[in-house]
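Each chain, letter by letter, is given below.
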Amino acid sequence: MSLGYTAACIKVLEFAGLAPGPFAGMMLADAGATVLRVNRHNDPPQDMLARHKASVAVDLKDPSGIALLKALVARGGVDVLIDPFRPGVLERLGLGPEPLLQLNPRLVYGRITGYRRDGKYASMAGHDINYIGVSGALSMLGAAGERPQPPINILGDFAGGGATLFQGILLALLARQTTGRGQVVEANMVDGSSYLASFPRMSKVTPMGNKPRGENVLDGGCPWYGCYATRDGRWVTVGALEPQFFAQLIRGLGMEGQGWEDDRGDEDRWPELARIFTDKFKAKTRAEWEDVFDGTDACVAPVLEYEELQTDPAREGDQRPAVTLRDTPWKAVHQERGKVGDEDRGQGEGVEGGGYFPTLLDVGEGGDEVLGSWLGWKRGQHYEDKNGRGLALVNDKAKI
């Protein structure tokens, strides 16, 4: 099996949904898979995670529309299905795991929910903030004495959700190499985000993390692990955890000979040291601090904003694949991807916007080509949009 751009052999049927499902589908598409998104006829082309995908609008209220999808699974050789819905939605349509795995035993049926399917909140609506809230992860995020602060929707939707589902799908595809059979892959954002928080959760029973939020080494309590404002209103990061790195930080700040190298472990003096660091960093611009610390091991680096990453060629802002595969590299994202064969940047010409602007996929865009490729079907002969609500089979000829 290869998911690489040079051997796009994996066929994915992705039901349109919110962020985590489409993100898992986009990761598969970026890796070279052919991803066909199943839309409803009235879905707006608003999903920003649609690059490298195609779309078909299917009438899910018409039995012929359901039959079309079953034929895709059974005869189209679909490898992966992505179910982004709340529990029971696809089952009520006759598209749950049991009937589809009977039609295609090699199918990897990937499902993602917010809450656990068997948990207290299974029947409730929610969003990223709710899921990471009940997972325990949100309780660790935010300043001391302040309300918990979610990291936008990175932790639940994308890391604990879509990326975790992607990982499960890959494991199922790998297992299929041995067993010859697909399986159901279950992911949810509660368990996904909780798993990602394994280290800080375990640290709560150690001196590194056993204090209230915002008072520990890695969550804002330690003066040499945090962010500081500079004279021009920008920010730098400081992560000088090890003594040898801390010594270089002190040297760069002009604080040698004041005893801080020996006293840095005295937590009673942390507030004092934090005030000194705050005043020191405000004395210079971010660029001036970069001149001081670039090339050193002081663990000081700027907080870069995407606007400057996008426009400053000296910064590492060209969007790249999440991982580099040397033999089967992912597709390129940034349009200025460099020379051919530069696997660090992926293969191909990149996408419009270079990863900084969304790739909107119109409902039905590219779908005819994929149906032709997978099944040899033609519009009007095998399927058609009878009533403006989406595709359905023309007659029994194409049914399974």
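One structure accompanies this document, and this report is about it. Values in this document were obtained by computation on a predicted structure and should not be read as measured data.

**Side note on the overall build of the protein**
1) Next: Helix and strand counts for the protein stand at 14 helices and eleven strands.
2) Next: For the C-alpha atoms alone, the extent of the protein along its principal axes is close to 85 × 50 × 40 Å.
3) Next: Burial statistics for the protein: of 400 residues in total, 44% are counted as buried.
4) Next: If you take every contact in the protein between residues at least 6 apart in sequence, the share linking residues at least 24 apart comes to 62%.
5) Next: Accessible surface for the protein amounts to roughly 20200 Å². Of this, 51% is attributable to carbon and sulfur atoms.

**Section: the pattern of salt bridges**
1) Next: Taken as a whole and assessed by the stated rule, the structure comprises 26 salt bridges.
2) Next: For the salt bridge of Arg176 with Asp79, the shortest nitrogen-to-oxygen distance reads 3.0 Å. In this pair, Arg176 is assigned in helix H6 (residues 154–179) and Asp79 in the loop between helix H2 (63–75) and strand E4 (80–83), connecting sequence segments 97 residues apart. Each of the two residues, Arg176 as well as Asp79, counts as buried.
3) Next: In this structure, Glu186 engages Arg111 in a salt bridge whose closest nitrogen and oxygen atoms are separated by 3.8 Å. Pair noted here: Glu186 is in strand E6 (residues 184–188) and Arg111 is in strand E5 (residues 108–113), with a separation of 75 residues, a long-range link.
4) Next: We classify Glu186 as partly exposed; its relative accessible area is 45%.
5) Next: Residue Arg111 is classed as buried on the basis of its relative accessible area, which comes to 5%.

**Comments concerning the side chain of Ser135**
1) Next: For Ser135, the position within the fold is in helix H5 (residues 128–135).
2) Next: Among the polar contacts listed, one links the side chain of Ser135 to the backbone oxygen of Ile132, at a separation of 2.8 Å.

**Some words on the sheet that holds E5**
1) Next: What the six strands build is an open sheet, ordered E3-E2-E1-E4-E5-E6; its pairing is parallel. Single-partner strands in this sheet number two, and they are strand E3 (53–57) and E6. Across this sheet, the average inter-strand angle for adjacent strands is 20 degrees, counted without regard to direction.
2) Next: Here helix H1 (residues 20–30) sits on the sheet in contact with strand E1 (11–15), strand E2 (34–39), E3, E4 and E5, set at roughly 155 degrees to E4.
3) Next: Most of the contacts of H2 go to E1, to which it runs at about 155 degrees, and overall it touches E1 and E2.

**Considerations on the packing of aromatic side chains**
1) Next: One pass over the structure, following the stated rule, counts 13 aromatic pairs.
2) Next: Relative to Tyr131, the ring of Tyr115 has its centre 4.8 Å away and its plane inclined at 90 degrees; by these criteria the two rings are edge-to-face. With Tyr115 in the loop between E5 and H5 and Tyr131 in helix H5, this residue pair connects regions lying 16 residues apart in the sequence.
3) Next: For Tyr115, a relative accessible area of 8% corresponds to the buried category.
4) Next: Both rings, one in Trp289 and one in Phe293, keep their centres 5.8 Å apart while their planes meet at 25 degrees; by these two values the pair is stacked. Residue Trp289 and its partner Phe293 are both found in helix H12 (residues 286–293); the two are separated by four residues, about one turn of the helix.

**As for empty space enclosed by the protein**
1) Next: Using the criterion set out here, one finds one cavity of 30 Å³ or more in the structure.
2) Next: As a volume, the largest cavity reaches approximately 40 Å³.
3) Next: Sorting the residues of the lining of the largest cavity by element identifies H12 and strand E9 (300–302) as the ones contributing at least two each.
4) Next: Of the residues that constitute the lining of the largest cavity, the class distribution is six nonpolar, no polar and two charged.

**Observations concerning helix H9 (residues 243–252)**
1) Next: Those residues of H9 that sit buried are Phe246, Leu249 and Ile250. The buried residues of H9 occupy one face: seen down the axis, they fall within an arc of 95 degrees.
2) Next: Tucked inside the fold, the buried residues of H9 contact strand E8 (235–239), helix H10 (260–263), helix H11 (270–281), H12 and E9.
3) Next: A positive phi of about 70 degrees marks Gly254, the residue just after H9.

**Let's talk about the sheet that holds E9**
1) Next: Spatial ordering of the open sheet is given by E7-E8-E9, a layout of three strands whose pairing is antiparallel. What marks the edges here is a single partner per strand, and that holds for strand E7 (225–229) and E9. Between one strand axis and the next, the sheet turns through 25 degrees on average, direction left out of account.
2) Next: Note: E7 against E8, five bridges, orientation antiparallel. Residue Cys227 lies in a different strand from E8, and its bridge partner there is Thr237.

**Let's talk about the environment of Val73**
1) Next: Residue placement: Val73 occurs in helix H2.
2) Next: Every residue in contact with Val73, bar those within four places of it in the chain, is listed here: Leu13, Val78, Leu100, Asn104 and Leu107.

**Structural notes on the nonpolar core**
1) Next: Membership of the largest hydrophobic core comes to 31 residues, with the highest contact counts inside it found for Leu13, Leu36, Leu68, Leu69 and Leu72.
2) Next: Mapped onto this core, the elements with two or more residues apiece are E1, E2, E3, H2, helix H4 (97–103) and helix H14 (367–375).
3) Next: The biggest single contributor to this core is H2, with seven residues.
4) Next: With near-sequence residues (within four places) excluded, Leu36 lies in contact with Val12, Leu13, Glu14, Ala54, Ser55, Val56, Leu72, Gly367, Val370, Leu371 and Trp374.

**Some words on the packing of H1 against H6**
1) Next: Two numbers describe how H1 lies on H6: the axes approach to 8 Å, and their chain directions differ by 50 degrees. In terms of orientation, H1 and H6 fall into the oblique class. Between H1 and H6 the crossing geometry is right-handed. Residue-level inspection shows Pro20, Phe23, Ala24, Met27 and Leu28 of H1 in contact with H6, the latter providing Asp157, Phe158, Gly161, Gly162, Ala163, Leu165, Phe166, Ile169 and Leu170.

The rules we used
Residues numbered from 1 in each chain as written. Predicted model: local features only at pLDDT ≥ 70, side-chain atom pairs only at ≥ 80, totals over all residues. Heavy atoms only, no water. Helix = DSSP H or I, 4+ residues; strand = E, 2+ residues; numbered from the N terminus. Buried < 20%, exposed > 50% of the residue type's maximum accessible area, 1.4 Å probe, protein only. Contact = heavy atoms within 4.5 Å. Areas by Shrake-Rupley, 256 points an atom, 1.4 Å probe, with all protein chains shown as cover. Salt bridge = Lys/Arg side-chain N within 4 Å of Asp/Glu carboxyl O. Polar contact = N/O pair within 3.5 Å; in protein donor to acceptor, adjacent residues only side chain to side chain. Pairing = 2+ DSSP bridges. Axes fitted to C-alpha atoms, helices over the stretch in contact; angles between N-to-C directions. Phe/Tyr/Trp six-rings, centres within 6.5 Å; stacked < 30°, edge-to-face > 60°. 1 Å grid on protein atoms, 1.4 Å probe; cavity = no way out; pocket = protein on both sides within 12 Å on 5 of 7 lines; lining within 4 Å. Points joined across faces, edges and corners; volume = space filled by probe spheres on them. Nonpolar A, V, L, I, M, F, W, Y, C, P; charged D, E, K, R; others polar. Arc of directions from axis to C-beta. Core = buried A, V, L, I, M, F, W, Y, C linked by side-chain atoms within 4.5 Å. Parallel < 35°, antiparallel > 145°, perpendicular 65-115°, else oblique. Left-handed = near helix turned anticlockwise from the far one by under 90°.

Purely spatial values, then, with no claim about function.
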